[in-house]
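Residues per chain are reported as follows:
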Amino acid sequence: MFESTRRRVLQTVGVGGTAAIAGCTQEREIQAKADRTTVENAATPEVDRVAADPTDIPGPIERDEPAEVDVTLRPEEVTAEIEPGVTFDYMTYNGTVPGPMIRVRRGDTVNLTFENPAENNLPHNVDFHACYGPGGGAEATMTNPGETAKLTFSPQYPGAFIYHCAVPNLDMHISAGMFGMIVVEPEGGLPAVDQELYLGQHEIYTSKAPGEEGKHSFSMAAMKAEEPTYVVMNGESYAMTPDVNGAAATVSTGDRARVFFVTGGPNLTSSFHPIGNVWSELYPEGSLSTAPQTNIQTKPVAPGSTAVGHMDFPVPGPVKLVDHSLSRVARKGLMAVVDVQGEPNPEIFDPEPGQ
C-alpha cells in the first residue's frame, strides 16, 4: 500500500524520484508554480511564533551502548510573523524553525515516524545527511497530506548534520523553514559544558520589501536571483534578541557554552561570528571525529552544513551571534544575543580605565 501511494506522490510532483534536483528544469518550474499557487490559495493555521527556543534541545548522551531512538517529525504548514506586522506562510518540522534537534549516538537505531498532517496542502519528506541510503531517507518518507511513513536507519558517522525537505521544489520548502539538525555523538560523547544552544540560519524570499506590513507571499523570482528579503536566525527577524523573544540564553561569567549551528540556506553561506568573543574551540563542518580548531574568529558555514563551537565568557555583557556579511545583520534581520552576567574583570576588559 505505502509503495503504491509513494509512487503516486512522485508521479504527482512530476518526477521519477526525489533526484529531481538533477532532472528537467522545465518540470521543476511547472511544479514550483503549482506549489506556489497552492500555498498562496491555502488557508494555513496562524501561530504566535515559529522561532525555535535555542535552549530546548535534548541533553548530552550519557549511555555507553547503542539504543533505539524513536523520533516523530511532522511537516506543519503555518502562518506566522517574520517581524511585527509582517506575516508569511512557513513550512516547518514540528512547528519550529529550525526543526527539532535530534540527538543520538553513533550506532544507534533511529525509528522515524514521518506524519504529513491531513490539513497540509503539499507533499513533504526529509533528507538526513547523517543517513546512508537513497536520498538520505527522502524517497522513503515522501508523503501526501494525510499519509504517514516509517523509516529506520543507523547513523554510522559522528557529527552534526543537517536534515531538510527534499521534494522537487526543495529550495522553496527549505526557504520556507524546512530544515533542522541531527547530532550524532561519538562513542565517547562530547566534552561537558555549562550551556548548549541550537541556532539555524536561512533566507526568506518574499514579494515585498523588508518591513513592509501585511502578508508577504513567497517570491520564486527573488529566490532564483538569490536576493532574499530576510536572512534570519531561528526563523524570524532578530528572533533571539532582548527586544523580540528575549536573548538566546543567559549565562554567567566563567561559563562555557556550546553552540550547534546549521545553515539551511538554501543559497547563502554564513560567516558565523560572535561579536565580542571567539570560538575558543570549533568543529568545522560539524565534524565531531577530529580535534577542534582553536580561537577562530569567523567560520564560513555553507548551505547544507553545520558548525559546532565553544565560547568562554570571562567578562559580562552581550555577545552577539551574527553573519559577518553585515548587511544581513543591519538590514535583513539576522542576529542572536547571549546575555552574559557577572562581575566585571578589568584585567581583561575595562571600558573606563583610570576611573
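Everything numeric in this text was worked out from a predicted model, so none of it was measured.

**What about the nonpolar core?**
Core analysis: the biggest nonpolar cluster contains 59 residues, and Leu73, Tyr90, Phe128, Ile182 and Phe260 have the highest contact counts within it. Contacts of Tyr90, omitting those with residues within four sequence positions, involve Val50, Glu76, Glu77, Val78, Ala80, Glu81, Ile82, Val97, Ala176, Ile204, Gly235 and Glu236. Among the nonpolar cores identified, the runner-up in size contains 28 residues, and Val259, Leu268, Val301 and Phe313 belong to it.

**Here's the deal with the sheet that holds strand β21 (residues 336–341)**
Note on sheets: strands pair through backbone hydrogen bonds, and any given pair is parallel or antiparallel. Across the sheet, five strands lie side by side as β13-β21-β20-β15-β18; this open sheet has mixed pairing. Edge strands, defined here as strands with exactly one partner in the open sheet, are β13 (249–252) and β18 (299–301). Averaged over all neighbouring strand pairs, the angle between strand axes comes to 25°, with direction disregarded. With five bridges joining them, strand β20 (residues 317–323) and β21 adopt antiparallel strand pairing. If you follow Lys320 over to β21, its bridge partner there is Val337.

**Overview of the pattern of salt bridges**
For the coordinates displayed, the defined rule picks out 13 salt bridges. The salt bridge partner of Arg74 is Glu115, with a shortest N-O separation of 3.4 Å. Here Arg74 is found in the loop between β1 (68–73) and β2 (75–83), whereas its partner Glu115 is found in strand β5 (residues 109–115), with 41 residues between them in sequence. Owing to a relative accessible area of 27%, Arg74 belongs among the partly exposed residues under this scheme. The exposure class assigned to Glu115 is partly exposed, which follows from its relative accessible area of 26%. The salt bridge partner of Arg103 is Glu196, with a shortest N-O separation of 2.7 Å. Placement of Arg103 in strand β4 (residues 102–105) and of Glu196 in strand β10 (residues 195–204) is noted, with a sequence separation of 93 residues between them. In this structure, Arg103 and Glu196 share a single accessibility class: buried.

**Things to note about the environment of Met142**
Assignment of secondary structure puts Met142 in the loop between β6 (127–128) and β7 (148–153). The spacing of Met142 and Ala166 is 24 residues in sequence and 8.7 Å in space, taken between C-alpha atoms.

**Looking at unusual backbone geometry**
Here the residue pair Val97 and Pro98 is connected by a cis peptide bond, since its omega of -10° sits within 30 degrees of zero. Looking at the secondary structure, you find Pro98 in the loop between β3 (86–93) and β4. The residue after Gly265, namely Pro266, is reached through a cis peptide bond having omega 20°. Of note in this structure, Glu226 is not a glycine but carries a positive phi near 55°.

**Side note on the sheet that holds strand β8 (residues 159–164)**
Ordered in space as β4-β9-β8-β6, the four strands form an open sheet in which the pairing is mixed. Strands with a single pairing partner mark the edges of an open sheet, and in this sheet they are β4 and β6. Examined bridge by bridge, β6 and β8 share two bridges and lie antiparallel to one another. Each bridged residue has a counterpart across the sheet, and for Asp127 the counterpart in β8 is His164.

**Looking at the pairing of β4**
Burial along β4 is two-sided: Ile102 and Val104 and Arg103 and Arg105, pointing in opposite directions, are all buried. Where β4 lies against strand β9 (residues 179–185), four bridges are found, and the strand directions are parallel. Residue pairing in the sheet places Arg103 in a bridge with Val183 of β9.

**Focus on the packing of aromatic side chains**
According to the stated counting rule, one finds nine aromatic pairs in the structure shown. Residues Phe128 and Tyr163 carry aromatic rings whose centres are separated by 5.5 Å and whose planes lie at 50° to one another, so their mutual orientation is tilted. One end of the pair, Phe128, is in strand β6; the other, Tyr163, is in strand β8, with 35 residues separating them in the sequence. For Tyr163, a relative accessible area of 0% corresponds to the buried category. Aromatic ring contacts, followed pair by pair, group Tyr93, Phe114, Phe128, Phe153 and Tyr163 into a single cluster.

**Some points on the side chain of Glu77**
By the element assignment, Glu77 lies in strand β2. In this structure, Glu77 is buried with no salt-bridge partner, the nearest side chain bearing the opposite charge being Arg74 at 11 Å. Within the structure, Glu77 has its side chain in polar contact with the backbone nitrogen of Asn121 (distance 2.8 Å).

What counts, and at which threshold
Residues numbered from 1 in each chain as written. Predicted model: local features only at pLDDT ≥ 70, side-chain atom pairs only at ≥ 80, totals over all residues. Heavy atoms only, no water. Core = buried A, V, L, I, M, F, W, Y, C linked by side-chain atoms within 4.5 Å. Buried < 20%, exposed > 50% of the residue type's maximum accessible area, 1.4 Å probe, protein only. Contact = heavy atoms within 4.5 Å. Pairing = 2+ DSSP bridges. Helix = DSSP H or I, 4+ residues; strand = E, 2+ residues; numbered from the N terminus. Axes fitted to C-alpha atoms, helices over the stretch in contact; angles between N-to-C directions. Salt bridge = Lys/Arg side-chain N within 4 Å of Asp/Glu carboxyl O. Phe/Tyr/Trp six-rings, centres within 6.5 Å; stacked < 30°, edge-to-face > 60°. Lys, Arg positive; Asp, Glu negative; His and termini not counted. Polar contact = N/O pair within 3.5 Å; in protein donor to acceptor, adjacent residues only side chain to side chain.

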